[in-house]
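Inside the fold
Chain by chain, the residues:
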Amino acid sequence: MSATEPTRPAARRVLRVLVLNGPNLNLLGTREPAIYGRETLDEINAGIAASAAELDVMVTFFQSNHEGALIDRLHARDFDAAIVNAAGLTHTSVSLRDALLAVERPFVEVHLSDPSTREPFRRVNFLEDIAAARFVGLHARGYTLALEELARRWAAGLIPAHAGDAEASNG
Ligand code: DQA
């Protein structure tokens, strides 16, 4: 490089997003389609992956029907930000809330339906006040909007880049 060539700031590495889906979301496609639509989780994830490729974001997908498995996945801390549809655990889980706070990664809360317009027990929400943003009632589009929101924040330098590997483990 010549002395007169303008210097560019070092390129930031790509944003790593964990897409975390909770109980019963593996049944999307056949599960109460009038509420959740006909798209399967694999189809939704394929749409997210396509958006991620366009946005130059690295996405990892994880779904579990088990609260502890979701919490363990968060504890790996191998991501910079998350998209979380905690499903029914949204309305019940202090432990999942605690895990999201403990790992110190921003997350966007997503729901296919709008829980606030459904049964009263779905108005209890342990995650909404700690989410960086929320997209509810937009079906699969909510996930891609969440990804776009995180990519926007990353580009603006609003999301810290974390070390590549788990920062803490008890192993
Ligand atoms: C959901 C809404 C929750 O109330 C429900 O328990 C789910 C799915 C949604 O995506 O609309 O399992 O998170």
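As a starting point, this report considers the structure included with it.

Rules of the game
Residues numbered from 1 in each chain as written. Predicted model: local features only at pLDDT ≥ 70, side-chain atom pairs only at ≥ 80, totals over all residues. Heavy atoms only, no water. Pairing = 2+ DSSP bridges. Helix = DSSP H or I, 4+ residues; strand = E, 2+ residues; numbered from the N terminus. Axes fitted to C-alpha atoms, helices over the stretch in contact; angles between N-to-C directions. Salt bridge = Lys/Arg side-chain N within 4 Å of Asp/Glu carboxyl O. Buried < 20%, exposed > 50% of the residue type's maximum accessible area, 1.4 Å probe, protein only. Core = buried A, V, L, I, M, F, W, Y, C linked by side-chain atoms within 4.5 Å. Contact = heavy atoms within 4.5 Å.

**Describing the sheet that holds strand β1 (residues 16-21)**
Ordered by their spatial adjacency, five strands build an open sheet running β2-β1-β3-β4-β5, and the pairing between neighbours is parallel. Every other strand in the sheet has two partners, leaving β2 (58-63) and β5 (133-136) as the edge strands with one partner each. Strand-to-strand twist of the sheet, defined as the mean angle between neighbouring strand axes without regard to direction, takes the value 15°. Pairing of β1 with strand β3 (residues 81-85) involves five bridges; the strand directions are parallel.

**Quick word on the pattern of salt bridges**
Inspection of every chain in the model, using the stated rule, returns 11 salt bridges. Here Glu119 makes a salt bridge to Arg118, at a shortest N to O gap of 3.9 Å. Taking relative accessible area as the criterion, Arg118 reaches 17% and is therefore assigned buried. Ionic pairing is found between Glu149 and Arg153, a salt bridge with its closest N-O pair at 2.7 Å. With Glu149 and Arg153 both in helix α5 (residues 141-155), this residue pair falls four residues apart, about one helical turn. The buried category is assigned to Glu149, whose relative accessible area is 15%. Look at the salt bridges and you will find they share partners, linking Arg13, Arg16 and Asp80 into a network.

**Focus on the nonpolar core**
In terms of nonpolar packing, the biggest core is built from 29 residues, with Val17, Val57, Val59, Ile83, Tyr143, Leu147 and Leu150 touching the most fellow members. Looking at this core, the elements with two or more residues in it are β1, α2 (41-55), β3, β4 (107-111), β5 and α5. Examining the composition of this core, we find that seven residues originate from one element, α5, more than from any other. Among all residues touching Ile83, those that are not within four sequence positions of it are Val17, Leu18, Val19, Leu20, Val108, Val110, Tyr143, Ala146, Leu147 and Leu150.

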